[in-house]
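Examining the three-dimensional arrangement
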Amino acid sequence: MKNKTKNLLKKAGTVIFLTACLFCLFLPLPKKISNNETYDCVWADGSVTRESYSSAYKSLAGMDGENVILLREGLTGKIESEAGAVYTALKSGNLAEILECTLAGTRIDSAALYREFSNRVWYNGDYYVWTGSKIERVSRAERGEIVFWEGNVTPRILRETNATTVYLRAGASISASSFVESKVEKVYAEAPYQENGGAVYLNTAGGKRLLAALSGIQELVLDEDSAFADEGALLACQALTSLTVPFAGSARSPYGTNYKGEFAHLFSDGKEYRVPETLARVTVTGGRIIPYAFYTCPNLKEIDACTVPEGEISKTAFSGLSSLETLHTPKRDVLLTGNFISYTAECGCTVYTRNHSQN
């Protein structure tokens, strides 16, 4: 009886095994990235070459979404990509779109995607990185590029990631101190944010508001259509040598209870003014210049206020500047610290220059 039962079980097992094998034969095979792939590459001069993975990889320059880009002997070549949707999501997608990304395509697609995005981290309170086949959440990451979906852009996060490029999405928040002592060299901003020349602005119903600027800037020209500036908006810019502002202080218009007219308002950390010692030249193109507007800027050597209306400039606006060498202003009766000689410029303004022979 035992032998009979044993034989029946053995036969049943064989039948199950054979059935499973037959079933597997009809399943679709998983797509594999072949080691022996070849690709048609169309070059800028119109020629077409057949590339192996090895030859394509040696000339791999990146990806543009629709094509894998090769660069060889000064010529650009394109291999049609099968991973365009993944590229688009990683380039500009939101969290949900990126989390759905799974590599699909050829082996050279995989290499091109990794080339494009292995140096990027995404942040929304957590860090995410591209592993080569999918997005993965990690506890921390050091990458050259960081995408802020949400959360505050802080000096700590920028230091931890060692990022030099920031992608600022609409859901993120930025403050005057965001780039203090950071290595960030470039910001790509999404509306309502705007970046120009290393300064970051917020477009509001009341006008364009200056928020922050990058730390490594030496010469900065702020947008002429700016209406407001946050306290300490240029606090990170401790290497500045030349600065052009549309107004001195916190706003173009002096009206309002929160108005601050001191030029150093742009460099305040809330406790003290930190105007860069390197800052030698300032141009003010509009707004109002209040009494002693530059009193915390002892190292300034040149001020140009040519286009500020004469009636908006205080008589003592430039007093206390012991290092000032040149002043260009439409106002004739200003009080200056030290001995100056003057002449009338072609624009009608008065130019004052320090008279060292009297010192």
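Residues numbered from 1 in each chain as written. Predicted model: local features only at pLDDT ≥ 70, side-chain atom pairs only at ≥ 80, totals over all residues. Heavy atoms only, no water.

Before going further, it helps to spend a moment on the overall build of the chain. Within the chain one finds six helices and 24 strands. Looking at the 359 residues of the chain, the share that counts as buried comes to 46%. Accessible surface for the chain amounts to roughly 19100 Å². Of this, 51% is attributable to carbon and sulfur atoms. (Helix = DSSP H or I, 4+ residues; strand = E, 2+ residues; numbered from the N terminus. Buried < 20%, exposed > 50% of the residue type's maximum accessible area, 1.4 Å probe, protein only. Areas by Shrake-Rupley, 256 points an atom, 1.4 Å probe, with all protein chains shown as cover.)

Per-chain confidence: the chain averages 90 in pLDDT, with 90% of residues scoring 70 or above. Scored below 50 in pLDDT, residues 1–6 shows zero contacts in the model against residues more than four places distant or in partner chains. This stretch, residues 15–33, has a pLDDT under 50; its non-local contacts, to residues over four places away or in other chains, come to six contacts. (pLDDT = per-residue confidence, 0-100. Contact = heavy atoms within 4.5 Å.)

This brings us to the packing of aromatic side chains. All chains considered together, the criterion is met by 11 aromatic pairs. Taking 5.1 Å as the distance between ring centres and 15 degrees as the angle between the ring planes, the aromatic pair formed by Tyr-167 and Tyr-188 counts as stacked. Placement of Tyr-167 in strand S11 (residues 165–168) and of Tyr-188 in strand S13 (residues 186–189) is noted, with a sequence separation of 21 residues between them. Classification of Tyr-188 as partly exposed rests on a relative accessible area of 43%. Members of the aromatic cluster, joined through ring pairs, are Phe-263, Phe-267, Phe-294 and Phe-318. Cation over ring: Lys-208 sits above Tyr-201, and NZ or CZ is 5.2 Å from the ring centre. (Phe/Tyr/Trp six-rings, centres within 6.5 Å; stacked < 30°, edge-to-face > 60°. Lys NZ or Arg CZ within 6 Å of the ring centre and 35° of its normal.)

Moving on, we come to the sheet that holds strand S5 (residues 75–80). Taken together, five strands build an open sheet; the order of strands is S2-S1-S5-S4-S3 and the sheet is antiparallel. If you trace the sheet from one side to the other, it starts and ends with strand S2 (48–52) and strand S3 (60–63), each paired once. Neighbour-to-neighbour, the strand axes of the sheet open up by a mean angle of 35 degrees, direction not taken into account. As paired strands, strand S4 (residues 67–72) and S5 are joined by six bridges and run antiparallel to one another. Looking at the pairing, Ile-69 lines up with Lys-78 of S5. Where helix H5 (residues 107–117) meets the sheet, its contacts fall on strand S1 (38–43), S3 and S4, and the angle it forms with S3 comes to roughly 80 degrees. (Pairing = 2+ DSSP bridges. Axes fitted to C-alpha atoms, helices over the stretch in contact; angles between N-to-C directions.)

Here we come to the side chain of Ser-242. Looking at the element boundaries, Ser-242 is found in strand S19 (residues 242–245). In this structure Ser-242 comes out as buried when scored by relative accessible area, which is 17%. Sequence-distant contacts of Ser-242, that is, excluding residues within four places in its chain, are made with Gln-218, Glu-219, Leu-220, Leu-279 and Arg-281.

Reading across from one edge, S17-S19-S20-S21-S22-S24-S23 is the order of the seven strands in this open sheet, with mixed pairing throughout. The two strands at the open ends of the sheet, each matched to only one other strand, are strand S17 (219–221) and strand S23 (340–344). Each strand axis lies, on average, 10 degrees off the axis of its neighbour in the sheet, ignoring direction. Two strands pair when backbone bridges link them, and strand S22 (residues 326–329) and strand S24 (residues 350–354) are joined in this way by four bridges, in the antiparallel orientation. Residue pairing in the sheet places Thr-326 in a bridge with Thr-353 of S24.

Here we come to the environment of Val-187. Its place among the elements puts Val-187 in strand S13. Sequence spacing of Val-187 and Ile-146 is 41 residues, and the spatial spacing of their C-alpha atoms is 9.9 Å. In this structure, Val-187 is in contact with Val-166, Leu-168, Phe-179, Glu-195, Val-200 and Leu-214, ignoring residues within four places of it in sequence.

In this section: the packing of helix H3 (residues 84–92) against H5. One way to put it is that H3 packs onto H5 with a least axis distance of 11 Å and a crossing angle of 5 degrees. Taken together, H3 and H5 sit at an angle that is classed as roughly parallel. Contact with H3, carried on its side by Val-86, Tyr-87, Leu-90 and Lys-91, involves Leu-113, Glu-116 and Phe-117 of H5 and no other residues of that element. Looking at side-chain class alone, the contact of H3 with H5 contains five nonpolar, no polar and two charged residues. (Parallel < 35°, antiparallel > 145°, perpendicular 65-115°, else oblique. Nonpolar A, V, L, I, M, F, W, Y, C, P; charged D, E, K, R; others polar.)

Attention shifts here to H3. Along H3, the positions that sit buried rather than exposed are Gly-84, Val-86, Tyr-87, Ala-89 and Leu-90. The elements touched by buried residues of H3 are S3, helix H4 (95–99), H5, strand S6 (120–123), strand S7 (127–130) and strand S8 (135–138).

What follows deals with the state of the cysteines. Inspection of every chain in the model, using the stated rule, returns zero disulfides. Just so you know, Cys-349 is unpaired, no disulfide at all, and the nearest cysteine sulfur is the one on Cys-306, 3.5 Å from it. Residue classification places Cys-349 among the buried residues on the basis of a relative accessible area of 4%. (Disulfide = S-S within 2.5 Å.)

A word on the environment of Leu-168. Within the fold, Leu-168 resides in strand S11. Between the C-alpha atoms of Leu-168 and Glu-195, which are 27 residues apart in sequence, the distance is 9.5 Å. Excluding anything up to four places from it in sequence, Leu-168 contacts Phe-148, Val-153, Ile-174, Val-187, Tyr-188, Ala-189, Glu-190, Tyr-193 and Val-200.

Enumeration according to the criterion identifies 14 salt bridges in this entry. In this structure, Glu-312 and Arg-288 form a salt bridge, with 2.9 Å as the shortest nitrogen-oxygen distance. A residue pair is termed long-range when its members are at least 10 positions apart, and Glu-312 in the loop between strand S21 (302–304) and S22 and Arg-288 in the loop between strand S20 (281–284) and S21 qualify at 24 residues. Accessibility expressed as a relative area gives 26% for Glu-312, which makes it partly exposed. (Salt bridge = Lys/Arg side-chain N within 4 Å of Asp/Glu carboxyl O.)

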